[in-house]
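# Working through the structure, step by step
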Amino acid sequence: MTLRAAGRALRPAGRAAALAVAATAVVFAATELLPGDAGELRTAGRASAEDVAAARERLGLDRPAAVRYLDWLYGMVRGDLGRSLAGGRPVAALFAERLPATAVLVVVTLAVTVLLTATALTVTYLRGGRGGTAATGLAAVPQPVYAAVLGAVLAGLLGWLPPVSLLPPGGSPLADPRLLVLPALTLALPSAAFATALLRGVLADTLRRPHVADARLRGLPAPLVLHRHVLPFLSAPALQVTALLSGGLVAGTALVETLFGYPGTGQLLVSAVAVRDVPVIQAAALLPAVVLLLGMLLADLAARRTTVPGHVGDTGPSGPGPGPVPGRAV
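Residues numbered from 1 in each chain as written. Predicted model: local features only at pLDDT ≥ 70, side-chain atom pairs only at ≥ 80, totals over all residues. Heavy atoms only, no water.

## Things to note about the pattern of salt bridges
Where charged atoms from two side chains of opposite charge approach closely, those side chains can pair. The following threshold applies: In the sections that follow, a salt bridge refers to a side-chain nitrogen of Lys or Arg positioned within 4 Å of a carboxyl oxygen of Asp or Glu. Helix and strand assignments follow DSSP, with helices taken as H or I runs no shorter than four residues and strands as E runs no shorter than two, numbered in order from the N terminus. We call a residue buried when its accessible area falls under 20% of the maximum for its residue type, exposed when it is over 50%, and partly exposed in between, using a 1.4 Å probe and counting protein chains only.
All told, the structure shown has five salt bridges when counted by the stated rule. Across the pair E32 and R68 runs a salt bridge whose closest N-O atoms are separated by 2.7 Å. You can see E32 sitting in helix α1 (residues 3-32) and its partner R68 sitting in helix α4 (residues 65-77), a full 36 residues away along the chain. The exposure class assigned to R68 is buried, which follows from its relative accessible area of 15%. The partner of D176 in a salt bridge is R178, with the nearest N and O atoms 3.3 Å apart. For R178, a relative accessible area of 44% corresponds to the partly exposed category.

## Details of the confidence of the model for the protein chain
The condition that has to hold: Scored from 0 to 100, pLDDT reflects the predictor's confidence in each residue. Whether two residues are in contact is decided by their heavy atoms, any of which lying within 4.5 Å being enough.
In the predicted model, the protein chain carries a mean pLDDT of 78, and the fraction of residues at 70 or more is 80%. Below pLDDT 50 for its whole length, residues 308-330 participates in 65 contacts with residues either more than four positions away or in separate chains.

## Looking at the packing of helix α9 (residues 210-217) against helix α10 (residues 222-260)
Test applied: Where helices are involved, their axes are fitted lines through C-alpha atoms of the stretch in contact, as for all axes, and angles between N-to-C directions lie from 0 to 180°. Small angles under 35 degrees read as roughly parallel and large ones over 145 as roughly antiparallel, with 65 to 115 read as roughly perpendicular and the rest as oblique. When residues are grouped by polarity, Ala, Val, Leu, Ile, Met, Phe, Trp, Tyr, Cys and Pro land in nonpolar, Asp, Glu, Lys and Arg in charged, and all others, Gly among them, in polar.
It is the contact of α9 with α10, at a shortest axis distance of 10 Å, that shows an interaxial angle of 175 degrees. By the criterion of interaxial angle, the relationship of α9 to α10 is roughly antiparallel. Contact residues: H211, V212 and A215 in α9; V225, H229, V230 and F233 in α10. Counted by class, the contact of α9 with α10 contains five nonpolar, two polar and no charged residues.

## Remarks on the environment of L268
In this structure, L268 sits in helix α11 (residues 265-274). For the pair L268 and T258, spaced 10 residues apart in the sequence, the C-alpha separation amounts to 8.9 Å. Not counting residues up to four positions away in its chain, the partners in contact with L268 are L94, F95, R98 and V280.

## Let's talk about the side chain of T186
Defined as follows: In the analysis that follows, any N or O atom pair within 3.5 Å is treated as a polar contact, provided that within protein one partner can donate a hydrogen and the other can accept it, and provided that, for residues neighboring in sequence, both atoms belong to side chains.
On the secondary structure map, T186 appears in helix α8 (residues 178-207). Relative accessible area serves as the criterion here: at 0%, T186 is assigned to the buried category. A distance of 2.7 Å separates a polar side-chain atom of T186 from the backbone oxygen of L182. For T186, the residues in contact, after removing those within four places along its chain, are Q143, Y146, A147, L150, V256 and F260.

## Section: the nonpolar core
For the record, the criterion: The criterion is simple. A nonpolar core is a set of buried Ala, Val, Leu, Ile, Met, Phe, Trp, Tyr and Cys residues joined through side-chain atoms within 4.5 Å.
Counting 32 residues, the largest nonpolar core has L105, Y125, L182, L203, L207, V225 and V230 as the members making the most contacts within it. Among the secondary structure elements, those contributing two or more residues to this core are α5 (91-126), α7 (143-157), α8, α9 and α10. For this core, the leading source of residues is α10, giving nine residues. With near-sequence residues (within four places) excluded, V230 lies in contact with Y125, L203, T206, L207, V212 and V225. One finds V91, L269, V280 and A284 within the second-largest nonpolar core, a separate group that totals 11 residues.

This is the structure:
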């Protein structure tokens, strides 16, 4: 590998690292803008100004913001996320209890989202790129509406599912998969609609390409046309949309976990905001950004290795047809 090629390969990683640092600055600034702090909330307005100042000093909140930000960065580099201001426990220990439940929820939701999106795009493909406009409207529906409708129908009217999760913190949701259904569907339905709306245009443009029309005229079966001539154009955008959805799903768990009482990192974030537990808020808010940046980095690296079909070199049942054009990446 030449130095120039190595530089091109490392460029996405450097960009992701720079964006990660920028994300830490945004998260820290957002926590600084929260009204009040843990010292003021602990006194509940009943203490004197001297007592509030003593509480803020004891919690380390009296130091300049720049010093606290650099300490936070240095701690993360060393793998130390700090300690909770509310209970004094290490933030890493709190996340070790909650993160597995959120990870299972996100993985299940992402799998359902991919399945629903693939189904919707397949229907659009079979209709020649027409249809699919309903996805835009469904993507605009707020998550609480999905949660209310699904809960009312599946838990209330039909009684198939528990309305809330009774999973204790640190417990495995796989012990009772029914606890995952309502939160996962609430996240997956708008996510699938959003992904379909984004990829439908790419699919429609691909179906209008000459090599796809040529493959159809040569009588190739629809599944073969889809696999050989359409999917290569969709792979890179689909990877990027999947990365985008992964970060969005981690961030979206805050609302869903609170609505259904699901004990994950999203619920931990909401409770930490209520008491201004800044170290917990910062770690929970930074997690979706890290997942998104990591996913986009992997998608970018994968897209650089993806080639799309051209018009020469491939042979099909009817003779020469589209083949790969070296150097063309999506």
